Amino acid sequence: MDSELQLPVSFRLSRRGDRNNQRPFAKDDGGGLFSSVRLSQDNPMKVVWKRGFVRLVIVAGILWMLLILIVLLFHVWSCQSSFSFFSAICNKEGKVFIAMDLLGLAPKAEHRCPIPVAGDSEKIVIPEGRTPDVIVKDLTYIEDDDLVNNGSQSFPLFGGNQSWLQREESFKLKTSMKVHCGFLRNGGADMNPVDIEYVKKCRFVVASGIFDGYDVPHQPSNISIRSKKLFCFLMVVDEVSLKFIKKNVTIRKDKDKGMWVGIWRLIRLKHPDEPRRNGKVPKILTHRLFPQARYSIWIDGKMELIVDPLLILERYLWHEKHTYAIAQHKHHRSIYEEADANKRRKRYARPLIDLHMKIYYYEGMEPWSLKKNTISDVPEGAIIIREHTTLNNLFNCLWFNEVNLFTPRDQLSFGYVVYRLRGLFKFFMFRNCEYNSLFVLHPHTREHSSKVEWVKSLSEFKGTGSSMKESRGGFGLWTPYPRKLDSVVLPLVVRTSKAG
């Protein structure tokens, strides 16, 4: 009976052994994704799905790498393509790239980038003669004007007393023109006779300015021996700044009693206006301060120039036959964006900035868009590179007149004057990252602040607040405009920069 009972047990064991012999590697199977145990136990559809998923991931990875390779090859090809659309993708100053930048499709802008300057300033060929004057051939300046009465006395103004009609006529280009351009008789900005004689010999000028004691002269670096002989480095200062510089920096005098700080020749300018407006004189009216100059490079007083000026002229003017070059603003393309930022940063009275912009908007100045012929309406005005042609000189006069008539924020007026000249004024607006590679920025010795910058309402100018009104500039903000501006609504601004 025992043997009969054991037969089924031994039979079952033999059956199990047979099954084990059919799977000789079962003990070594780790039970992974492709485990024979899992495959035998899984539903056939699951097996197909798992294998297909792995293949899909591998194929997708290969396709992604191929796509990246194709895009890189296309980029290299497009930059050298004869097709204008494709080559425009690589042109960072072209409208295709700008449109991509506005849509957020372009690479993030660099703060500094290499400047494609010539390798050796000694080998640069300076153009002979001046660029021919085609549109405006003869330009003269108004030297006498109506006096301004402040209630107790009458006095002349440096910028004159330009009427709305004179302003309008000045934008109509003719072969021969006579316009306001500062330096009216007895209006201020007098230069010492010894400095007048010195600047007569200057044909190539690097100019800068310090007003109200906010900076000390910063010595430029990387200046070639040729540029030191060719250029006059002229630092325009007022009385306050001259006293401040004497206390903080060593000044030497030459045999003609000219004052020097390192490479900079100090040019003292007697000017009674507000410091911020004073600074616009050497900056914008360089051609009037130094009338014999053929070329000039303006750099703000808080900056240290670190590129040879001869290389700058070759890069921004001579290489592509430009006569006027200025950098584009880092954040803003529309003057209405810049005006909004000025109000948030308290650069000037908010209601007066609004009035300034309302006048421009009424006169047809639209916000910047891709439809315009310029890549931006807002420059970085701290560096200006110019040949002193007649048309460029006229543009500077008109630009200064706008700054003198309205707010001293010159970046708000540059694009407007370009607009009023209807595309006849040509200029090169170079990338902001190149602009940042031209200098080292130094902080002011102190912060500038005035009560007018905190004004939020025109009512604050009444009564005791009337003292905040400028007495020698900004009269367009207080002289009744010949048209009604009540219905003018400024365009909405999309803020593209941090401020406040």
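Described in the following lines is the structure provided in the data block. It should be emphasised that the depicted structure is a prediction, and the values quoted were computed from it without experimental measurement. (Residues numbered from 1 in each chain as written. Predicted model: local features only at pLDDT ≥ 70, side-chain atom pairs only at ≥ 80, totals over all residues. Heavy atoms only, no water.)

**Observations concerning the overall build of the protein**
How we decide: Working definition: helices are DSSP H or I runs of at least four residues, strands are E runs of at least two. Numbering for both runs from the N terminus. Only protein chains enter the accessibility calculation, which uses a 1.4 Å probe; a residue whose area is less than 20% of its type maximum is buried, one above 50% is exposed, and one in between is partly exposed. It only takes one pair of heavy atoms within 4.5 Å for two residues to be counted as in contact. In these tables, accessible area is a Shrake-Rupley quantity obtained with a 1.4 Å probe, and a residue counts as shielded only by the protein chains included in the view.
When helices and strands are tallied, the protein shows 18 helices and 16 strands. Here the protein holds 500 residues, and 47% of them are scored as buried. In the protein, once contacts between residues fewer than 6 apart in sequence are set aside, the share between residues at least 24 apart is 81%. When the accessible area of the protein is evaluated, it comes to approximately 27300 Å², of which 56% is carbon and sulfur surface.

**A few points about the packing of aromatic side chains**
Selection rule: Paired rings are identified among Phe, Tyr and Trp, the last through its six-membered ring, by centres lying within 6.5 Å, and are further divided according to the angle between planes into stacked (under 30 degrees), edge-to-face (over 60) and tilted (the rest).
Overall, the coordinates contain 29 aromatic pairs when judged by the stated rule. A centroid spacing of 5.1 Å and a plane angle of 75 degrees characterise the contact between W399 and F414, whose relative ring orientation is edge-to-face. Of this pair, W399 sits in helix α16 (residues 390-405) while F414 sits in helix α17 (residues 411-420), and the two are 15 residues apart along the sequence. You can call W399 buried: its relative accessible area is 0%.

**Examining the pairing of strand β13 (residues 324-328)**
Working note: regular strand, side chains alternate between the two faces of the sheet. Heads up, the rule is: In this description, strands pair whenever DSSP reports at least two bridges between them.
A large share of β13 lies buried, amounting to five of its five residues. When β13 meets strand β14 (residues 379-387), the two strands line up antiparallel, connected through five bridges. By the bridge assignment for β14, I326 is matched with I384. Pairing between β13 and strand β15 (residues 428-430): three bridges, direction parallel. Within β15, the position partnered with A325 by the bridge is F428.

**Section: the layout of surface pockets**
Our working rule: Only protein atoms enter the 1 Å grid used here. Points where a 1.4 Å probe fits but cannot escape make up a cavity, open sets with protein on both sides within 12 Å along at least five of seven lines make up a pocket, and a residue lines them when an atom lies within 4 Å of a point. Grid points are joined across faces, edges and corners, and a volume is the space filled by probe spheres set on the points. Asp, Glu, Lys and Arg are counted as charged, while Ala, Val, Leu, Ile, Met, Phe, Trp, Tyr, Cys and Pro are counted as nonpolar; the rest, among them Gly, fall into the polar class.
Of the volumes computed, that of the largest pocket is approximately 1500 Å³. Forming the boundary of the largest pocket are 46 residues, of which D300, K302, R347, R409 and H444 lie nearest the centre. Residues belonging to the lining of the largest pocket are distributed by class as follows: 14 nonpolar, 15 polar and 17 charged.

**Quick word on the side chain of N192**
Relative to the helices and strands, N192 is located in the loop between β5 (190-191) and α7 (193-199). A residue is classified by how much of its surface remains accessible, and N192, at 15% relative accessible area, is buried. Among all residues touching N192, those that are not within four sequence positions of it are R268 and K270.

**A few points about a nonpolar patch on the surface**
Cut-off, in case you're wondering: Every patch collects residues that have over 30% relative accessible area and no salt bridge, joining them within 9 Å if they carry like charges and within 5 Å if they are nonpolar side chains (Val, Leu, Ile, Met, Phe, Trp, Tyr). Salt bridge, as used here: a side-chain nitrogen of Lys or Arg that lies within 4 Å of a carboxyl oxygen of Asp or Glu.
Side chains of W49, F53, V54, V57, I58, V59, I62, L63, M65, L66, L69 and I70 sit close together on the surface and give an oily, nonpolar patch of about 1200 Å² of accessible area. If you trace the backbone, L63 turns up in helix α3 (residues 44-79).

**Examining the state of the cysteines**
Selection criterion: Criterion for a disulfide: a pair of cysteine sulfur atoms at a distance within 2.5 Å.
With the rule as written, the count across this model stands at three disulfides. C113 shares a disulfide with C433; S-S distance 2.1 Å. Judged by the sign of its S-S torsion, about 75 degrees, the bond between C113 and C433 is right-handed. Highlighted residues: C113 in the loop between α5 (95-102) and β1 (138-141) and C433 in helix α18 (residues 432-435), separated in sequence by 320 residues. By relative accessible area, C433 is classed as buried at 6%. Here C181 connects covalently by a disulfide to C397, the sulfurs 2.1 Å from one another. Looking along the S-S bond of the C181-C397 disulfide, the torsion reads about -80 degrees, which is the left-handed sense. Of this pair, C181 sits in the loop between β4 (176-179) and β5 while C397 is found in helix α16, placing the two residues 216 residues apart along the sequence.

**Things to note about unusual backbone geometry**
You will see that F183, though not glycine, has its phi angle at about 55 degrees, which is positive. In this fold, F183 is placed in the loop between β4 and β5. Phi angles above zero are rare outside glycine, and D212 is one such case at about 65 degrees. Among the structural elements, D212 can be located in the loop between β6 (204-210) and α8 (225-230). Among the residues examined, D212 registers a relative accessible area of 19% and is labelled buried.

**Re the nonpolar core**
Note the threshold: Put simply, a nonpolar core is a bunch of buried Ala, Val, Leu, Ile, Met, Phe, Trp, Tyr and Cys residues held in one set by side-chain atoms that sit within 4.5 Å of each other.
Within the largest apolar cluster, 75 residues are counted, with the highest numbers of intra-cluster contacts made by L234, F290, Y360, F395, W399 and F414. Broken down by element, the residue count for this core peaks at nine residues, all from α16. Those residues in contact with F414 that lie beyond four places of it in its chain are Y324, I326, D377, P379, F395, W399, F427 and M429. Listed in part, the 39 residues of the second largest apolar core include F231, A325, A382 and F428.

**A look at the packing of α16 against α17**
Note the cut-off: Between the N-to-C directions of two axes lies an angle of 0 to 180 degrees, each axis being a line fitted to C-alpha atoms and, for a helix, fitted only over the stretch in contact. An angle counts as roughly parallel when it lies under 35 degrees, as roughly antiparallel when it exceeds 145, as roughly perpendicular when it falls between 65 and 115, and as oblique in every other case. By convention the crossing between two helices is left-handed if the near helix lies anticlockwise of the far one by an angle smaller than a right angle, and right-handed if it lies clockwise.
Orientation of α16 relative to α17, taken along the N-to-C sense of each, is 130 degrees, at an axis distance of 9 Å. The orientation of α16 with respect to α17, classified from their angle, is oblique. Remark: the crossing between α16 and α17 carries right-handed chirality. Residues F395, L398, W399, E402 and V403 of α16 lie in contact with α17, whose contacting residues are S413, F414, Y416, V417 and V418. Split into classes, the residues belonging to the contact of α16 with α17 amount to eight nonpolar, one polar and one charged.

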